Amino acid sequence: MVVEEATYVFDAIVTHILSLEQFWVCPANNQEDRKKLLQIEEILIQNPKHLVDVAPKMHDYVAVLLQNGGCKRARLVSDVQNGIAHVQFIDSGRDERVPQSALCILPPELGLDGLTEQAIPCCLAGSKTVNPQAKDMFHSLVMGRPVTVSSFSISQTAPQLLVDISTPDIASIRQNLVLQQFCMPLPIPCAKRTKDPGMVGFKWGPTEKIPVVVSQVAELSEFYIQYKHTLKDVSTLMTAMKSMYPNVHSPAFPVNIGTLCAVQTGADWFRGEIKQVLSTGAILVWLRDFGNEQTVTLKQIYPLEGTLADQPFYAVRCGLNNVAPCNARPLGKFPKKLVAWFTKYVDNGTLTAQFLRQADDRFYVELFADNSADGVTDLMVKNNCAQRTPSYAGYQGMQNQLEQMALMGKLKTFSASYNLLICFP
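Residues numbered from 1 in each chain as written. Predicted model: local features only at pLDDT ≥ 70, side-chain atom pairs only at ≥ 80, totals over all residues. Heavy atoms only, no water.

(A) Representation of the sheet that holds strand β18 (residues 283-287) within the structure. What the five strands build is an open sheet, ordered β19-β18-β17-β16-β20; its pairing is antiparallel. Here the strands that pair on one side only, and so sit at the sheet edges, are β19 (293-296) and β20 (301-303). Pairs of neighbouring strands in the sheet enclose a mean axial angle of 45°, with direction left out of account. Sheet topology note: the strand β16 (residues 260-265)/strand β17 (residues 268-277) ladder contains six bridges and is antiparallel. Its bridge partner being in β17, Leu-260 is matched across the sheet by Glu-273. Here helix α4 (residues 231-244) sits on the sheet in contact with β16 and β17, set at roughly 85° to β17. (Pairing = 2+ DSSP bridges. Helix = DSSP H or I, 4+ residues; strand = E, 2+ residues; numbered from the N terminus. Axes fitted to C-alpha atoms, helices over the stretch in contact; angles between N-to-C directions. Contact = heavy atoms within 4.5 Å.)

In structure tokens, the structure reads:
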């Protein structure tokens with residue numbers, strides 16, 4: 001038996017389920033907020049302010065006029081394309097594609113300063129789905145009935161609460177699904193994270209600053225870092241590859257996109273991945289331990305030895321967290337001068353990184369140089385070179401959202417020292 005401590009406990013309703021790893025709940029005692037939302041939405045329906053001249057961008061908050069005559073608050077999941085907007089309704093978690101003509105300006109009284117997002121993203125803690133029918137069973141157990149949510153921590157890799165759910169007749173949904181073999185039990189992460197000594201994939205706390213170096217910059221939304229404590233390992237790897245691979249022409253082997261290979265450039269050898277075969281016969285490879293791409297010939301690549309392919313790569317793909325260009329630049333591109341300034345800024349021996357969230361294929365971070373209290377994003381925003389996106393996608397946003405709801409009495413319990421003992425097999 002494992003005893004865990006719950007930090008947040010509140011009565012709720014489950015509003016949307018994608019999977020056991022991604023669903024949304026709304027605190028049940030938010031009646032005043034819901035009443036206020038309905039009143040303001042009614043005014044907006046009668047006098048909508050359509051977005052005519054400005055195309056909203058990803059992460060922007062808007063009001064959406066629904067086909068049934070209603071109106072809901074939403075956040076854009078991506079930029080508007082071909083007149084279609086992919087939005088997520090922030091008070092239920094549901095997402096939908098709607099015509100751009102349905103988007104309206106979100107009045108200040110409907111904004112996040114007046115009313116926090118009502119839907120809280122969650123993940124069923126300590127479980128891994130093993131039965132494809134798990135979602136349907138979970139849906140039948142929790143939808144349409146009152147539930148109590150017990151949260152153990154805030155995920156460090158996604159904007160979610162790690163929770164278990166109980167109903168009037170089921171003490172633990174997690175335990176119920178495990179016993180019915182819909183999912184397998186996993187350790188429940190505690191609120192305090194510890195760093196794994198491994199090179200990649202370690203767990204982190206959002207307040208930790210990890211010494212790093214930036215090995216490659218493509219954009220502010222795509223650059224590569226290496227953990228500073230692994231630099232000697234990178235050097236050792238390259239030395240080992242020099243002795244492992246003879247200085248001879250590469251034998252022929254299938255050149256397929258995604259194939260891992262050893263790449264020779266000058267006297268050095270690198271681990272690479274084939275990205276593209278060009279019309280000239282040249283090959284574009286991605287150097288996986290540094291992040292940069294390089295064009296080589298077939299004679300410069302060699303099959304990667306199995307022991308080398310099994311080792312984790314040292315370069316980690318990253319982007320700056322919740323930041324966007326000013327003045328709605330096309331395609332969200334930052335000015336080249338700003339990217340050049342950023343590249344120079346991060347070329348610093350005292351650089352540290354805070355890992356704030358993980359999404360898609362990269363980690364979103366804040367970078368600090370010379371032990372500065374201000375991160376690179378803060379510097380750009382203060383100098384009007386960039387703007388922060390209005391998003392709760394990071395750990396701190398989720399923390400602030402819950403604390404605000406707790407102060408307003410939306411959560412039944414909010415206390416770091418609150419002990420709710422729940423037993424799991």
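Text resumes after the structure shown.
(B) Representation of a nonpolar patch on the surface in the model. Taken together, the side chains of Val-130, Met-184 and Leu-186 present a nonpolar region at the surface, about 230 Å² in accessible area. Counting through the fold element by element, Met-184 comes out in strand β13 (residues 183-185). Under the relative-accessibility criterion, Met-184 is labelled partly exposed at 37%. (Patch = residues over 30% accessible without salt bridge, like charges linked within 9 Å, V, L, I, M, F, W, Y side chains within 5 Å. Areas by Shrake-Rupley, 256 points an atom, 1.4 Å probe, with all protein chains shown as cover. Salt bridge = Lys/Arg side-chain N within 4 Å of Asp/Glu carboxyl O. Buried < 20%, exposed > 50% of the residue type's maximum accessible area, 1.4 Å probe, protein only.)

(C) Quick peek at the environment of Asp-347. Structurally, the position occupied by Asp-347 is in the loop between α6 (336-345) and β23 (352-359). Taking relative accessible area as the criterion, Asp-347 reaches 67% and is therefore assigned exposed. Separated by 133 residues in the primary sequence, Asp-347 and Val-214 place their C-alpha atoms 6.9 Å from one another.

(D) Spotlight on empty space enclosed by the protein. Taken as a whole and assessed by the stated rule, the structure comprises one cavity of 30 Å³ or more. Volume-wise, the largest cavity comes out at about 30 Å³. If you trace the largest cavity, you find it lined by Val-234, Leu-237, Met-238, Met-241, Trp-269, Phe-270, Arg-271, Asp-289 and Phe-290. Looking at the lining of the largest cavity, the elements with two or more residues in it are α4 and β17. In terms of residue count, the dominant contributor to the lining of the largest cavity is α4 (four residues). Residue composition of the lining of the largest cavity, grouped by class: seven nonpolar, no polar and two charged. (1 Å grid on protein atoms, 1.4 Å probe; cavity = no way out; pocket = protein on both sides within 12 Å on 5 of 7 lines; lining within 4 Å. Points joined across faces, edges and corners; volume = space filled by probe spheres on them. Nonpolar A, V, L, I, M, F, W, Y, C, P; charged D, E, K, R; others polar.)

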